[in-house]
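Chain by chain, the residues run as shown.
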Amino acid sequence: MEIRIQGVSKRYFSEGKAIIALDDVDLTIPANQIFTLLGPSGCGKTTLLRCIVGLETPDSGEIRIGGEVVWSREKNIAIPPEKRGLGMVFQTYAIWPHMNVFDNVAYPLQVRKLPADVIRRKVGKTLRFVRLEGFEKRPATKLSGGQQQRVALARALVGEPKVILFDEPLSNLDAKLREETRKELRTFLGELKITAVYVTHDRVEALALSDTIAVMREGRIIEVGAPRKIYFDADHRFVADFIGRANLVKAKVRGHDDGHTIVDCGLGAIACHGRDLPAGSEVTLCIRPEFIRIAKGEGGAGRNVVNGRVESLVFVGETYEGEIRIGNELLLAKIDPDVDLKAGDPVRFSLDPAHCLLLAI
Ligand code: ADP
Ligand code: MG
């Protein structure tokens, strides 16, 4: 089901001051996708999710789910949460510790007073799906964090929702379990083929899970796109910076050549991924550390050859992280661990124009 949000704003009042949590949000969440709202803490992700679910009342605008208006100030429509056909998984597991696995998952169906045999069948099917078959009688507290999270997922799915919403569901798991559960979740959601709205501040999670990412900042949607587009070809400086580590260098457009945009900056004249910008435009050149390749010996041939000096090197396991000084610029680079370099050494490298991204806003 598609979700359409139009002109939704929400303000909170706290200690006599207004906090703008959502600022005129327009957003279409396509059907049957994993759609992620990504942004720093406090940017309004949870508020937007709660407005979709109906746990929060916006100040203005309209929300449709699958073509049906579920909330509209103008039309005076406010469908209650339980009638919106949604399932939700929260940051805290929100499973009931005094109940066993079966009762936790069965709860939403018991509230709807479905016959016992229907409940048994649906719970059984859902537990099979999340691979918790045989755990029915286990007290919820006697499960690992990952299993508890799967119980929460099962409870959100058991009512066969049209849309499932997640608010930072993995943030209470340790790093290794988070990675495993993320993969499982990707598999589960891929099999389900329903609309999933996923909230996180974790860029790796967003990149790994999503079909589409919407990056939020201060109550607004800044940019929407596929993970690769957001990572490699963002339009906004904030987005490029937030989604991954980035070297950002001030630059000025000199002109265009052979499909590339040439800029002047502290690294010299650099040919970049072509962008339709007039000569003289002030821009930001964005280069991710993994695309600054510093190899052994005489590196750097062809286009965009840069000469610099190693300022510092830190071994982080799979690579060295090096800071390379070029005049007034300091670039973060990933350096092969077998490259024999030390602080102070001169280096020469070339930048692939395809990975020199220009940001105008
Ligand atoms: P996120 O989920 O992206 O971290 P939230 O949607 O929780 O952000 O919050 C957005 C903004 O609204 C924040 O500045 C937060 O402090 C504020 N806020 C959220 N809920 C309330 C509330 N009930 N009362 C007052 N301010 C709130
Ligand atoms: Mg939140």
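Residues numbered from 1 in each chain as written. Chains lettered and ligands numbered in written order. Predicted model: local features only at pLDDT ≥ 70, side-chain atom pairs only at ≥ 80, totals over all residues. Heavy atoms only, no water.

1. Description of the packing of aromatic side chains
Tallying each qualifying case throughout the model produces 7 aromatic pairs. Aromatic side chains Y231 and F232 sit 5.1 Å apart centroid to centroid with 85° between the ring planes, which places their arrangement in the edge-to-face category. Relative accessible area serves as the criterion here: at 14%, Y231 is assigned to the buried category. With a relative accessible area of 30%, F232 lands in the partly exposed category. (Phe/Tyr/Trp six-rings, centres within 6.5 Å; stacked < 30°, edge-to-face > 60°. Buried < 20%, exposed > 50% of the residue type's maximum accessible area, 1.4 Å probe, protein only.)

2. Focus: helix α5 (residues 175–192)
If you check α5, its first and last C-alpha atoms are 26 Å apart, about what 18 residues at 1.5 Å a residue would give, namely 26 Å. By the burial criterion, the buried members of α5 are T181, R182, L185, F188 and L189. Buried residues of α5 fall within an arc of 135° about the axis and therefore sit on the same side. Of the exposed residues in α5, those oriented more than 90 degrees away from the buried face are K176 and K183. In this fold, the buried residues of α5 make contact with β3 (34–38), α3 (116–129), α4 (145–157), β8 (163–167), β9 (195–200) and α6 (203–209). (Helix = DSSP H or I, 4+ residues; strand = E, 2+ residues; numbered from the N terminus. Expected span 1.5 Å × (residues − 1). Arc of directions from axis to C-beta. Contact = heavy atoms within 4.5 Å.)

3. Focus: the site of ligand 1
For ligand 1, the full set of nearby residues is Y12, I19, A21, P40, S41, G42, C43, G44, K45, T46 and T47. In this structure, an oxygen atom belonging to ligand 1 sits 2.6 Å away from a main-chain N or O atom of G42. Here T46 contributes a side-chain N or O atom positioned 2.8 Å from an oxygen atom of ligand 1. When ligand 1 is considered free in solution it has 560 Å² of accessible area, and contact with the protein chains removes 63% of it. Of all the secondary-structure elements, those providing two or more residues to the shell around ligand 1 are β2 (17–29) and α1 (45–53). Here the shell around ligand 1 gets 3 residues from one element, more than from any other, and that element is α1. In terms of residue class, the shell around ligand 1 is built from 5 nonpolar, 5 polar and 1 charged. (Near = heavy atom within 4 Å. Polar contact = N/O pair within 3.5 Å; in protein donor to acceptor, adjacent residues only side chain to side chain. Areas by Shrake-Rupley, 256 points an atom, 1.4 Å probe, with all protein chains shown as cover. Nonpolar A, V, L, I, M, F, W, Y, C, P; charged D, E, K, R; others polar.)

4. Regarding the state of the cysteines
By definition, a disulfide links the sulfur atoms of two cysteine residues through a covalent bond. Under the counting rule described, the total for this entry stands at 0 disulfides. The thiol of C43 is not disulfide-bonded; the next cysteine sulfur, from C51, is found 13 Å away. (Disulfide = S-S within 2.5 Å.)

5. Here we look at unusual backbone geometry
Unusually for a residue other than glycine, K113 sits at a positive phi of about 60°. Checked against the element boundaries, K113 lands in the loop between α2 (101–111) and α3. A relative accessible area of 71% means that K113 is categorised as exposed. In this model, K193 sits at a positive phi of 55°, which is unusual for a non-glycine residue. For K193, the position within the fold is in the loop between α5 and β9. Residue K193 is classed as exposed on the basis of its relative accessible area, which comes to 59%.

In short, shape yes, function no, at least from these values alone.
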